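Now for the letters of each chain:
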Amino acid sequence: MFVIENRISELRKRMSSLNVETFLVSKPENIRYLSGFTGGSDAKLLITPQDKYIISDSRYREQIVRESPGWCPVEEKNYDNSQLALLTANFSNMGFESQSISYDTFKLMEVDLKSQLLPLTDMVEKDRIIKDQDELEFIKKAAQIGDNVFTDMIDQIKPGMSEKKIANEIAYLLRERGCEKEAFDSIVVAGENAALPHGKPGNRLIADGDMITMDFGGFYQGYLADMTRTVAVGKVSTDLYDKYMAVLEAQELGISLVKAGIRCKDLDKAVRDRLKLLGLDDFFLHSTGHGVGLEVHEQPTVSAKSEAVLISGMVVTIEPGIYIKGWGGIRIEDTVIVKDDGCEVLTRSDKAILKI
Ligand code: ZN
Ligand code: ZN
């Protein structure tokens, strides 16, 4: 309760500094962060200077009482803005999350509400960027489950299994071992398919000599950890070995540089420069990493353009990779907690080239 109250008071401070009288929260992750309510895709929060409401429908009556004590539940049939109009009638303006309200919803609110509508971004995300102790524990647990699933998969993968079968098995094991569900569709790509950074697992069968990239993570209490490993099946060619060691070198350099105070763009550059030195930078097609928490991609972005500076308590991934058309690809990704004097690596799975 104390944590939730703190989050609300931070938000109210931000509202007041922007002269926002009431604020409508519609992004499910922000709803969960502020109220504990997990049915956010069918709900909105309205925060006023004195009160806080959860606007939902009768299906969630009991769930709101259980998950969000201290919040005033408001039922609105068909989400027709009738209750929202009443609750905001005495306020001159209402902020809303412009990135998560559809154009249609916005047009309806314009007709139904008297308050001036103020499009806003990052009102809640700004606070979510630094994790508190409980949030860090949830992310650690999610990382630990990911590691266990990876260990299990190493035992299971055999030539003749399809990418899809491996992805299904990962999804099953994540739940079996304690996650609520997969945090995103697992990426399992083998051989030449590994050249697709975000390829979809298909019917391709694992064969001797393949490399397999597996990128996955599960939610634990709403929070996730993100990991990727590339493993080799059967004989490892010298070419694969050399390229793997190069990506690993860049990844470990990245990890060694994570520390409060470093600029994300400098971290990205260092990793990119190392791959350049090894002749592989042209094949590194994405950013070095991203924040994780309630969402798989959240702030800060560890990219060439990011002016963000790492602060103790942030959680980011470090995940350089190379993707070569017709050959395949390699990615190594760990989730880490930023500390004042370095970082705590949460993903513990072995990074030495693993042979199956
Ligand atoms: Zn990932
Ligand atoms: Zn990632």
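Keep in mind the model is a prediction, meaning the values are calculated, not measured. (Residues numbered from 1 in each chain as written. Chains lettered and ligands numbered in written order. Predicted model: local features only at pLDDT ≥ 70, side-chain atom pairs only at ≥ 80, totals over all residues. Heavy atoms only, no water.)

## A word on the pattern of salt bridges
- Counted under the stated rule, the structure contains 33 salt bridges.
- R59 serves as the salt-bridge partner of D57, at 2.9 Å between the closest nitrogen and oxygen.
- Residue classification places D57 among the buried residues on the basis of a relative accessible area of 13%.
- Its salt-bridge partner being K140, residue E137 comes within 3.7 Å of it at the nearest N-O pair. Of this pair, E137 and K140 both sit in helix α7 (residues 133–156), separated by three residues, roughly a single helical turn.
- The class for E137 is partly exposed, based on a relative accessible area of 39%.
- When salt bridges with common partners are traced through the structure, they connect K27, E125, R128, K131, E295 and E298 into a single cluster. (Salt bridge = Lys/Arg side-chain N within 4 Å of Asp/Glu carboxyl O. Buried < 20%, exposed > 50% of the residue type's maximum accessible area, 1.4 Å probe, protein only. Helix = DSSP H or I, 4+ residues; strand = E, 2+ residues; numbered from the N terminus.)

## Remarks on the coordination of the zinc ion (ligand 2)
- In the first shell of the zinc ion (ligand 2), the protein supplies D226 (OD), H290 (NE2), E319 (OE) and E333 (OE), at 2.1 to 2.2 Å from the metal.
- Coordination geometry of the zinc ion (ligand 2): the four donor atoms subtend angles of 78 to 152° at the metal centre, consistent with an arrangement described as irregular.
- A separation of 3.1 Å is found between the zinc ion (ligand 2) and the zinc ion (ligand 1), which share D226 as a coordinating residue. You can see D226 sitting in the loop between β11 (223–224) and β12 (227–232) and its partner E333 sitting in the loop between β17 (328–331) and β18 (334–339), a full 107 residues away along the chain. (Donors = N, O, S within 2.8 Å, 3.2 Å for Na, K, Ca; no water. Tetrahedral: all angles 85-135°; square planar, octahedral: opposite > 155°, others 65-115°.)

## Some details on the coordination of the zinc ion (ligand 1)
- In the first shell of the zinc ion (ligand 1), the protein supplies D215 (OD), D215 (OD), D226 (OD) and E333 (OE), at 2.0 to 2.6 Å from the metal.
- Considering all four donor atoms around the zinc ion (ligand 1), the spread of angles at the metal, 55 to 148°, places the coordination shape in the irregular class.
- Between consecutive donor residues of the zinc ion (ligand 1), the sequence gaps follow D-x10-D-x106-E.
- You can call D215 buried: its relative accessible area is 3%.
- A residue is classified by how much of its surface remains accessible, and D226, at 3% relative accessible area, is buried.

## Examining the domain arrangement of the protein
- Taken domain by domain, the protein holds domain 1 (2–126) and domain 2 (133–345).
- Distance between the C-alpha centres of domain 1 and domain 2: 35 Å.
- Facing the seven residues of domain 1 at the interface are eight residues of domain 2.
- Approximately 610 Å² of surface area, both sides summed, lies buried where domain 1 meets domain 2, with 46% of it carried by carbon and sulfur atoms.
- The tally of links from domain 1 across to domain 2 stands at two salt bridges.
- R7 is the salt-bridge partner of E135, the closest N and O atoms lying 3.7 Å from each other.
- No other element matches helix α2 (residues 28–35), which puts three residues into the side of domain 1 that touches domain 2.
- In terms of residue class, the side of domain 1 that touches domain 2 is made up of one nonpolar, no polar and six charged. (Domains from an automatic or database assignment. Contact = heavy atoms within 4.5 Å. Buried area = accessible area lost by both parts, 1.4 Å probe. Nonpolar A, V, L, I, M, F, W, Y, C, P; charged D, E, K, R; others polar.)

## Topic: the sheet that holds strand β3 (residues 52–56)
- Read from one edge to the other, the open sheet built from six strands follows the order β4-β3-β2-β1-β5-β6, with strand pairing classed as mixed. Of all the strands in the sheet, the pair left with one neighbour each is β4 (72–75) and β6 (116–120). On average, each strand axis in the sheet is inclined to that of its neighbour by 25°, with strand direction left out of account.
- As defined by bridge partners, strand β1 (residues 22–25) adjoins strand β5 (residues 93–97) across three bridges and the pair is classed as parallel. Looking at β5, one finds that T22 is bridged to M94. (Pairing = 2+ DSSP bridges. Axes fitted to C-alpha atoms, helices over the stretch in contact; angles between N-to-C directions.)

## Some thoughts on helix α9 (residues 238–257)
- Counted at 1.5 Å a residue, the expected span for α9 with its 20 residues is 28 Å, and the 29 Å between its end C-alpha atoms agrees.
- Here α9 has its buried residues at L240, K243, Y244, A246, V247, L248, A250, Q251, L253, G254 and I255. (Expected span 1.5 Å × (residues − 1).)

## Let's talk about the packing of helix α1 (residues 2–17) against α2
- With their axes 7 Å apart at the nearest point, α1 and α2 run at an angle of 120° to one another. For the element pair α1 / α2, the angle class is oblique. In contact with I4, R7, I8 and L11 of α1, α2 contributes Y33, L34 and S35.
- Among the residues forming the contact of α1 with α2, the class breakdown is five nonpolar, one polar and one charged. (Parallel < 35°, antiparallel > 145°, perpendicular 65-115°, else oblique.)

## Notes on the environment of L354
- Structurally, the position occupied by L354 is in the segment after β19 (342–345).
- Residues L354 and M245 lie 109 residues apart in sequence; the distance between their C-alpha atoms is 12 Å.
- Not counting the four nearest positions on each side in its chain, L354 is found in contact with F150, I154, V231 and A232.

## Quick notes on α7
- Spanning 24 residues, α7 covers 35 Å between terminal C-alpha atoms, matching the ideal 34 Å at 1.5 Å per step.
- At the N-terminal boundary of α7, the capping side chain belongs to D132, with an oxygen 3.1 Å from the backbone nitrogen of D134. (Polar contact = N/O pair within 3.5 Å; in protein donor to acceptor, adjacent residues only side chain to side chain.)

## So, the nonpolar core
- Judged by nonpolar contacts, the single largest core of 37 residues is most densely connected at L11, F23, L34, L45 and I47.
- Contributing elements (two or more residues each) for this core: α1, β1, α2, β2 (44–47), β6, α7 and β11.
- Looking at this core, you find at least three residues from each of domain 1 (2–126) and domain 2 (133–345).
- Beyond its immediate chain neighbours, meaning those up to four positions away, L34 contacts I4, R7, I8, L11, V25, L45, W71 and V124.
- Of all hydrophobic cores here, the second largest spans 23 residues; its members include V149, F150, I154 and I166. (Core = buried A, V, L, I, M, F, W, Y, C linked by side-chain atoms within 4.5 Å.)

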